Amino acid sequence: MAHSETILVRAPQIAAETSSRRRFWSGNNPWFWLTPAIIFMLAYSVIPLIYNIYLSLNEFNTRKKTFEFVGGENWTNLLGFQVNTTNGLQIVFNDPRFANAVGITIQYVVFALLIQLTLGLIIALLLDARPFGAGIMQALIILPMVTAPTVASMLFRLLTHPQFGFISNALYTFGLLTRDEPLIGGTGRYALIGVMLIEIWQWTPFFVLIILAGLKGLPPELMEAAEVDGATWWQRLTHIKIPLLRGVLTIAILFRLVDLYKIVDYVFILTAGGPGGHTETLSYYGYTFFTKANWGMAATIGLFLMIVAWVTAFAYIKIFKVRW
Amino acid sequence: MASANRGIPNWKAVQAAQHRRQLVNRIILTVVSSLILLIFLYPVYFWVTASLRPTREIFSLPPPLALYEPTGSYWSVVIGGRSYNEVIREVAGANAGTGGGGTSGYYVIPFLQTSMIVGGISTAIVILIATPTAYALSRFQPRGKQNLVFFILSTRFTPAVTAVLPLFLLYKDLNWIDTYHGLILAHTVINLPIAILLMKSFFDDIPQDLDEAAMVDGCTRFGAFRRIVIRYVAPGMAAAAVLCLIFSWNEFLFTLYLTRSEIRTIPVAMSTFDSSSGGTEWGFLAAAGSAAMIPVFIFILFVQRHLVRGLTMGAVRG
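Just so it is clear, the model here is predicted, and its values are computed rather than measured.

Draft legend 1. Here's a closer look at the overall build of chain A. Across its full length, chain A holds 16 helices and 4 strands. Whereas a compact globule of 324 residues would reach a radius of gyration of roughly 20 Å, chain A reaches 27 Å, over 25% beyond that. With respect to the three principal axes, the spread of C-alpha positions in chain A is 100 × 75 × 50 Å. The proportion of buried residues among the 324 residues of chain A is 38%. Relative to all contacts within chain A whose residues are 6 or more apart in sequence, the contacts with residues 24 or more apart total 63%.

Draft legend 2. Spotlight on the overall build of chain B. Looking only at helices and strands, chain B features 15 helices and 0 strands. Taking 2.2 N^0.38 as the reference for a compact globule, 318 residues should give roughly 20 Å; the C-alpha atoms of chain B span a radius of gyration of 27 Å, well beyond that estimate. With the C-alpha coordinates of chain B rotated into their principal frame, the extents come out at 75 × 75 × 30 Å. When the 318 residues of chain B are sorted by exposure, 46% land in the buried category. Contacts in chain B between residues at least 24 apart in sequence constitute 73% of all its contacts with a sequence separation of at least 6.

Draft legend 3. Looking closely at the packing of helix α13 (residues 266-273) of chain B against helix α14 (residues 282-303) of chain B. Residue and element names in this part refer to chain B. Following both chains from N to C, one finds α13 and α14 inclined at 170°, their axes separated by 10 Å at the closest point. The orientation of α13 with respect to α14, classified from their angle, is roughly antiparallel. Between α13 and α14, the residues in contact are I266, P267, M270 and F273 and L285, A288, G289 and A292, respectively. A per-class count over the contact of α13 with α14 returns 7 nonpolar, 1 polar and no charged.

Draft legend 4. The arrangement of the pairing of strand β4 (residues 88-93) of chain A in detail. Residue and element names in this part refer to chain A. Across the 6 residues that make up β4, only a small minority, 0, are buried. Bridge analysis of strand β3 (residues 79-84) against β4 gives 6 bridges, and the strand direction is antiparallel. What sits directly across from Q82, in β4, is Q90. Turn length for the β3-β4 hairpin, with the two strands adjacent in sequence and antiparallel, is 3 residues.

Draft legend 5. Fine view of the packing of helix α5 (residues 96-128) of chain A against helix α13 (residues 246-261) of chain A. Residue and element names in this part refer to chain A. Interhelical geometry of α5 versus α13 gives an angle of 145° and a closest axis separation of 9 Å. α5 and α13 meet at a crossing whose hand is right-handed. Residues T105, Y108, V109, A112, L113, Q116 and L117 of α5 form the contact with α13, whose own contacting residues are I253, R256, L257, L260 and Y261. The residue inventory of the contact of α5 with α13, partitioned by class, reads 9 nonpolar, 2 polar and 1 charged.

Draft legend 6. Highlighting the confidence of the model for chain A. Counting all residues, the mean pLDDT for chain A is 85, and 93% of those residues have values of 70 or more. For chain A, the element scoring lowest by mean pLDDT is helix α1 (residues 2-17) of chain A, at 59; α5(A) scores highest, at 93.

Draft legend 7. View of the environment of A:G103. Its place among the elements puts A:G103 in helix α5. With 28 residues separating them along the chain, A:G103 and A:P131 place their C-alpha atoms 41 Å apart.

Draft legend 8. Highlighting the nonpolar core. Grouped together as the largest cluster of nonpolar side chains are 175 residues, with contacts concentrated most on A:I210, B:V78, B:V164, B:A195 and B:A288. The contact partners of B:V78, leaving out residues within four places of it in the chain, are B:Y106, B:Y107, B:V108, B:F284, B:A287, B:A288 and B:A291.

Draft legend 9. Representation of the domain arrangement of chain B within the structure. Partitioning chain B into structural domains gives domain 1 (2-50) and domain 2 (109-311). Taking only C-alpha atoms, the centre of domain 1 of chain B and the centre of domain 2 of chain B are 42 Å apart.

Draft legend 10. Local environment of the confidence of the model for chain B. Summary statistics for chain B give a mean pLDDT of 85 and a share of 91% for residues scoring 70 or more. In this model residues 98-103 of chain B is a low-confidence stretch, pLDDT under 50, and it forms 16 contacts with partners more than four residues away in sequence or in other chains.

Draft legend 11. Seen up close, the interface of chain A and chain B. At the junction of the two partners, chain A supplies 74 residues and chain B supplies 72 residues. In terms of residues, the side of chain A that touches chain B owes the most to one element, helix α3 (residues 30-56) of chain A, which gives 13 residues. Here the side of chain A that touches chain B is composed, by residue class, of 60 nonpolar, 12 polar and 2 charged.

Draft legend 12. Spatial organisation of helix α16 (residues 295-319) of chain A. Its 25 residues give α16(A) an end-to-end C-alpha distance of 35 Å, which sits within 8% of 36 Å, the value for a rise of 1.5 Å per residue. With its phi angle positive at about 50°, A:K321 sits one or two positions after the end of α16(A).

Draft legend 13. Representation of the domain arrangement of chain A. All names here are of chain A. Splitting chain A by domain gives domain 1 (2-56) and domain 2 (96-319). Averaged C-alpha coordinates put domain 1 and domain 2 at centres separated by 43 Å. In terms of residue class, the side of domain 1 that touches domain 2 is made up of 2 nonpolar, 2 polar and no charged.

Draft legend 14. Summary view of unusual backbone geometry. The backbone phi angle of A:A293 is positive, close to 60°, even though this residue is not glycine. Take A:A293: it is sitting in the loop between α15 (282-291) and α16.

Draft legend 15. Inspection of the environment of A:F111 at higher detail. All names here are of chain A. Relative to the helices and strands, F111 is located in helix α5. F111 sits in the partly exposed class, given 16 other C-beta atoms within 10 Å. Expressed as a C-alpha distance, the spacing of F111 and M196, which sit 85 residues apart in the sequence, is 8.3 Å.

Scoring rules and cut-offs
- Residues numbered from 1 in each chain as written.
- Chains lettered and ligands numbered in written order.
- Predicted model: local features only at pLDDT ≥ 70, side-chain atom pairs only at ≥ 80, totals over all residues.
- Helix = DSSP H or I, 4+ residues; strand = E, 2+ residues; numbered from the N terminus.
- Rg over C-alpha atoms; globule rule 2.2 N^0.38 Å.
- Buried ≥ 20, exposed ≤ 12 C-beta atoms within 10 Å, placed from the backbone.
- Contact = placed C-beta atoms within 7 Å.
- Axes fitted to C-alpha atoms, helices over the stretch in contact; angles between N-to-C directions.
- Parallel < 35°, antiparallel > 145°, perpendicular 65-115°, else oblique.
- Nonpolar A, V, L, I, M, F, W, Y, C, P; charged D, E, K, R; others polar.
- Pairing = 2+ DSSP bridges.
- Left-handed = near helix turned anticlockwise from the far one by under 90°.
- pLDDT = per-residue confidence, 0-100.
- Core = buried A, V, L, I, M, F, W, Y, C linked by C-beta atoms within 7 Å.
- Domains from an automatic or database assignment.
- Expected span 1.5 Å × (residues − 1).

Below is the structure:
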């Protein structure tokens, strides 16, 4: 009796002592499952990140093929601080091309996102109202999204060709543009719109699909109740549907936002940053340093872009309480 | 009320009128949505048909909808391996010889093979690593779990231009540029965060009771995972795999930096096809581009249902 009592009392302790090694392999320890991925991701994201920081503090001497420590010089080439009496501490751009790239990127992100979101919402609402063949339409609208960005850019290069392009010629016919100032080429005033066309073509379907998924999840009784109570279509949309879609829209916008910062493929194929830097996004500007073997500056711009993307994404996640 | 006052129960007529109105509305709706859809699909149609037209027809404006003189010449070079010089005369007629460089480079089968190898192997590694990780994130609450999720997300949010530069320099030192293992590992790391969080959402859909029942019956947790849970998550694994394959197939910047000439996936090869200054040969480009698009269009059929979930890393259940 006394003996068995001892065993019972000691049971948890005995269990704990039973070879912690064996318990690891039984899979009750979360790290048993997580270790492979963590090792892999540390190797492939932390090491490059540290190396990137190192690169951004160095300059590559192309003649001697060595790195020379330059401290914050790469950073001050881009950005500087200025104290002035009216505004206090102010961040100034020391590199006009960098300033231009920031401006282009902001324009691109804001306009592309707004247009995609609006178009996506409209198309999703149309498809959700059950036209004939809604299922097939939903399946087909995926196609632009899964086309390789390179192929899509190539295809739009032909469509926006200043001479033979169908889109360009349609714009000439409607008098929206002239042959002296085409969409792609000329002084480049409209080139960013050309790049955005691909973006919108490819990624509006993303919003369509996500919003449709959200609309499917809405309780139909709610719509019926609103209809019985005499809510108009517009009221139902703005007072019921959109507020209930908030969660879904939040996530869709998060993903597009982060990806829009990184835009480079389209620019690479369609305009190569030109004409006159009118389509030079931050990503592409970083890439131009890469081609010149100026690793230090390329790393600095890359880090800048990464910091912007991370801060945006995680602030967004905190503000809108996105959960995984 | 009016009908009741007159004493004639014409509610049937009222109903019929309403049905008719609804039908008309639905037809208008169908027409409008189809038109919008056609705008989105037209570029694809245009591109695929351009690969079947003789050169002068590609440039005719407005582009004809029908194929008047379909030609398989571009395709015979692009996937059939016929000689470029022989074919250019067929499609361009008198204009032959205007083409720039890349005259032998339009044969895409080797690039498609590379894409397949890189995509296939990297996807297999991704699934192998992501499945246990996703399981743990779904079943356990280790300390700092949210931080781990943020860490995984942060790799997804890192711009490609940032990540690829140090990789390129490290690869150069390791002599990994232009090697299969280097490119495969890079593609693995691109897809890993997506696959982990996507599969976590699939594991979340499977009730915990299932693991617990198996463990009560004497399985270890690992045994329960291996024998039971994995069978329920298999469709999710397949969906994640196909999505990773598609992302790897379309990936551009990493492959551009990390390869030179030996190993080129199809998007990167495409970007080199028109690097010549001597006029872009759109027919060949269209055929090569279509050859790159078609496999993805077929893959997507299998995962259409999970696409939303995949693109949002499991945050939105489609």
